Structures are given as structure tokens and as C-alpha cells.
Amino acid sequence: MSTSDAFRRATALTEVRTAFGGRAFEAQPQPVPWPKAYGGDTVAQSVAAALRTVGDDRALHSVHSTFLRGVDVAEPVHYDVEIIRDGRGFSTRHVRGHQHGKLAFMATASFHVPEPFSEHGPAMPPVPSPDTLPSSADALAGHVGPDIEYWSYGRSFDMRHVPGPVYLEVEGGRAAHQAVWVRSFDRLDDDPRTHQVAIAYVCDYTILEPVLRVLGLPWRAEGLVTASLDHAMWFHSAARADEWLLYAQESAGIADGRGLGLGRFYTQDGRLVATVAQEGMIRPGRPL
């Protein structure tokens, strides 16, 4: 049951005809136990669509996204990719996601021809090895429900929290930071673009969890409603998403029912892979 099929299905694009000068694709959101699709579906689908329109000589280095409407999991999303610019060193694409005739999502993606250069990044925080930590399925053993099944196996990635997950209760206290080891359940192909899309896909699952920690809200808190508002991601170096990556996260600010999460992906040897910033709506369902 531990497979990466949800990720593969979500990012399987079908190219369709378009009436304007760019290219267009459709992708099917994956089922979730909640009314609207997982935001990482939309980010990864837009990244995959933009990647289909640039040459193999350049790699994605940033994507900036805005979530405008909730996405219905029952219907495919139509992505129009506008070719903004192709220069000698950089390319820019604008992606618009439509569903039910309405604009649901927008993203701007930038690509760069790689150049030899020295690397520097913040140090990876010291955390226990993923082999010493329980998986989500281990942490949720003995509990039942569609959300339990989804958190355990339905997200295509093994996730191991430090200090502990926030599924049913806030384990580890109301700190403004956490870390999550992530790795796809199955081996992915060797195309570096697949792994960039996979990291874009998985980044949205837990980025708001430090905000929930500060507020003392587990995912199962009665009446809790969250929604992704906007998202930015920068890729610094290549890495495989089917090998353990540490996703170090913090709450960067909470106000007016919105929380900002910051995250950094590291390889096990401490190399910085990507940086993420995302703001989300938080409606707790009870006084805080």
C-alpha cells in the first residue's frame, strides 16, 4: 500500500490544444479526505507544465504561486503556459490554472542554465536520523478514519517528524519550529526534473505545521480550516526526492488569521537543496 502512485497520477499531464500562443495541459487532482484538493497537487502540476515548455539545458530555480480558489478533486485542472521570455541564460513562464471556467491558480516560474559556482547555505539543524524515528503510519497505529489512512499511506511520501507529528495532538510542545524527514515511498526515475517536481509536490503538506504548533492546533482539531494563500520556492541544488531530505521549518509570523511558514530542504549530508515560504489561512473553529 506504501506507493508513490498519488504523486505520479497528480503530475501526469495531458497536452491539449490552446487558442493562444503558449501551450496547455490538463492534470487530475488526487482524492483527499477533505472537500478541496491538496495544494501541492496544483504547485507540482504547474511546475511540471512549465518544465514541458523549456529546453533541457536549463533547470527550474524559482516558482511563485498564488492560490485563488479551492480546487475540486473530481475535475481536471487546465493549465495554460505563457512563454514570457527565453534568454541565453534564463527563461520565464507564466502558468494559469483554470477549473469550471474560473481562474483557480497562477504561478510564475523561472529557469536558469546552470553555471559552475561555489555553494553556501544555512547549516542544517542537528536532528535524529530518520531511521530512529517513527513513520506517520507508526505514529498513527491504532487509530482509524479516512484521514488516518491518508496521513499514513496516501501522500506518496514517508514523513518522520521532529519532535513529533501534529496529526491528533501537538506532540513536542508549542515551539515555533519543527523538522520533517521526507522520502518518496518508491524509487523515482533518474530525471532531475522529476525530483524537482516531487519536492514541489511534497513541500505543502507540512509547511504550515509550525504555525499550528504555536497555536496549539493539531490537524484533527474540531472546526479547523486551513487554506494555502500564496507560495514561493527557490531551488539551490539538485537532489533526489527518493532519498531522505530534511525539511526544516519555522513559523515566521501569525496575524489576522494568516500564518507564514518558512522551510528549507537539506540532503542528509547537510547540503541546502531548496527554500520555501508559504502563507496560509488559519481558521481554528474555536477561540484561541
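Only a predicted model underlies this, so the values are computations on that prediction, with no experimental measurement involved. (Residues numbered from 1 in each chain as written. Predicted model: local features only at pLDDT ≥ 70, side-chain atom pairs only at ≥ 80, totals over all residues. Heavy atoms only, no water.)

**Student:** Help me get a handle on the pairing of strand 8 (residues 177-184), residues and values and all.
**Tutor:** Every regular strand shows the same layout, with side chains that alternate between the two sheet faces. With six of its eight residues buried, strand 8 lies for the most part within the structure. When strand 8 meets strand 10 (residues 245-255), the two strands line up antiparallel, connected through six bridges. When the sheet's bridge partners are listed, Val180 is paired in strand 10 with Tyr247. (Buried < 20%, exposed > 50% of the residue type's maximum accessible area, 1.4 Å probe, protein only. Helix = DSSP H or I, 4+ residues; strand = E, 2+ residues; numbered from the N terminus. Pairing = 2+ DSSP bridges.)

**Student:** Mind laying out the sheet that holds strand 1 (residues 14-16), listing which residues take part and the relevant values?
**Tutor:** The 12 strands lie next to each other as 1-2-4-5-6-3-9-12-11-10-8-7, forming an open sheet whose pairing is antiparallel. Only two strands of the sheet have a single partner each, and these edge strands are strand 1 and strand 7 (157-162). Across the sheet, the mean angle separating the axes of adjacent strands is 25° when strand polarity is ignored. Of the pairings in the sheet, the one linking strand 3 (residues 59-67) to strand 9 (residues 225-235) comprises five bridges and is antiparallel in character. Note that in strand 9 the partner of Thr66 across the bridge is Asp230. Across the face of the sheet, helix 5 (residues 192-202) comes into contact with strand 3, strand 7, strand 8, strand 9, strand 10, strand 11 (258-267) and strand 12 (272-283) while running at roughly 150° to strand 9. (Axes fitted to C-alpha atoms, helices over the stretch in contact; angles between N-to-C directions. Contact = heavy atoms within 4.5 Å.)

**Student:** Provide a residue-level description of the pairing of strand 4 (residues 77-86), including the pertinent values.
**Tutor:** Inspection of the sheet shows strand 2 (residues 23-27) paired to strand 4 by five bridges, in the antiparallel sense. Opposite Arg23, over in strand 4, you have Val81 as the bridge partner. Pairing geometry for strand 4 and strand 5 (residues 90-99), over eight bridges, is antiparallel. Across the sheet, residue His78 finds its bridge partner in strand 5, namely His98. Counted along the chain from strand 4 to the antiparallel partner strand 5, the turn is three residues long.

**Student:** Please provide a residue-by-residue account of helix 5, values included.
**Tutor:** Of all 11 residues in helix 5, 10 are buried; the element is thus mostly enclosed. If you check which residues of helix 5 are buried, you get Arg193, Thr194, His195, Gln196, Val197, Ala198, Ile199, Ala200, Tyr201 and Val202. Measuring from the side-chain oxygen of the N-cap residue of helix 5 to the backbone nitrogen of Arg193 gives 2.9 Å; that N-cap residue is Asp191. (Polar contact = N/O pair within 3.5 Å; in protein donor to acceptor, adjacent residues only side chain to side chain.)

**Student:** With reference to specific residues and values, describe the packing of aromatic side chains.
**Tutor:** Scanning the entire structure with this criterion turns up 12 aromatic pairs. Geometrically, the ring pair formed by Tyr201 and Tyr205 is edge-to-face, given 5.9 Å between the ring centres and 80° between the ring planes. On the basis of relative accessibility, which here comes to 1%, the residue Tyr201 falls in the buried class. Looking at Tyr205, the relative accessible area reads 8%, which means it is buried. Residues Tyr247 and Phe265 carry aromatic rings whose centres are separated by 3.9 Å and whose planes lie at 15° to one another, so their mutual orientation is stacked. One end of the pair, Tyr247, is in strand 10; the other, Phe265, is in strand 11, with 18 residues separating them in the sequence. You'll find Tyr247 and Phe265 in the same group, each marked buried. An aromatic cluster of three or more residues is present, and its members are Phe7, Trp34, Tyr38, Tyr150, Trp151, Phe157, Tyr167, Tyr201 and Tyr205. (Phe/Tyr/Trp six-rings, centres within 6.5 Å; stacked < 30°, edge-to-face > 60°.)

**Student:** Please set out the side chain of Thr11 residue by residue, giving values where relevant.
**Tutor:** You can see Thr11 is positioned in the loop between helix 1 (5-10) and strand 1. When its relative accessible area of 17% is taken as the criterion, Thr11 is described as buried. There is a polar contact of 2.8 Å between the side chain of Thr11 and the backbone oxygen of Phe7. In contact with Thr11, not counting residues within four places along its chain, are Ala44 and Val197.

**Student:** An account of the packing of helix 2 (residues 39-51) against helix 5 is needed here, citing residue identities and associated values.
**Tutor:** Packing of helix 2 against helix 5 brings their axes to within 8 Å, and their N-to-C directions diverge by 155°. When the axes of helix 2 and helix 5 are compared, the pair comes out roughly antiparallel. Remark: the crossing between helix 2 and helix 5 carries right-handed chirality. Counting all contacts with helix 2, which are made through Gly40, Asp41, Val43, Ala44, Val47, Ala48 and Leu51, the residues of helix 5 involved are Arg193, Val197, Ala200 and Tyr201. Here the contact of helix 2 with helix 5 is built from residues that sort into eight nonpolar, one polar and two charged. (Parallel < 35°, antiparallel > 145°, perpendicular 65-115°, else oblique. Left-handed = near helix turned anticlockwise from the far one by under 90°. Nonpolar A, V, L, I, M, F, W, Y, C, P; charged D, E, K, R; others polar.)

Note that all results are geometric; they support no functional claim without further evidence.
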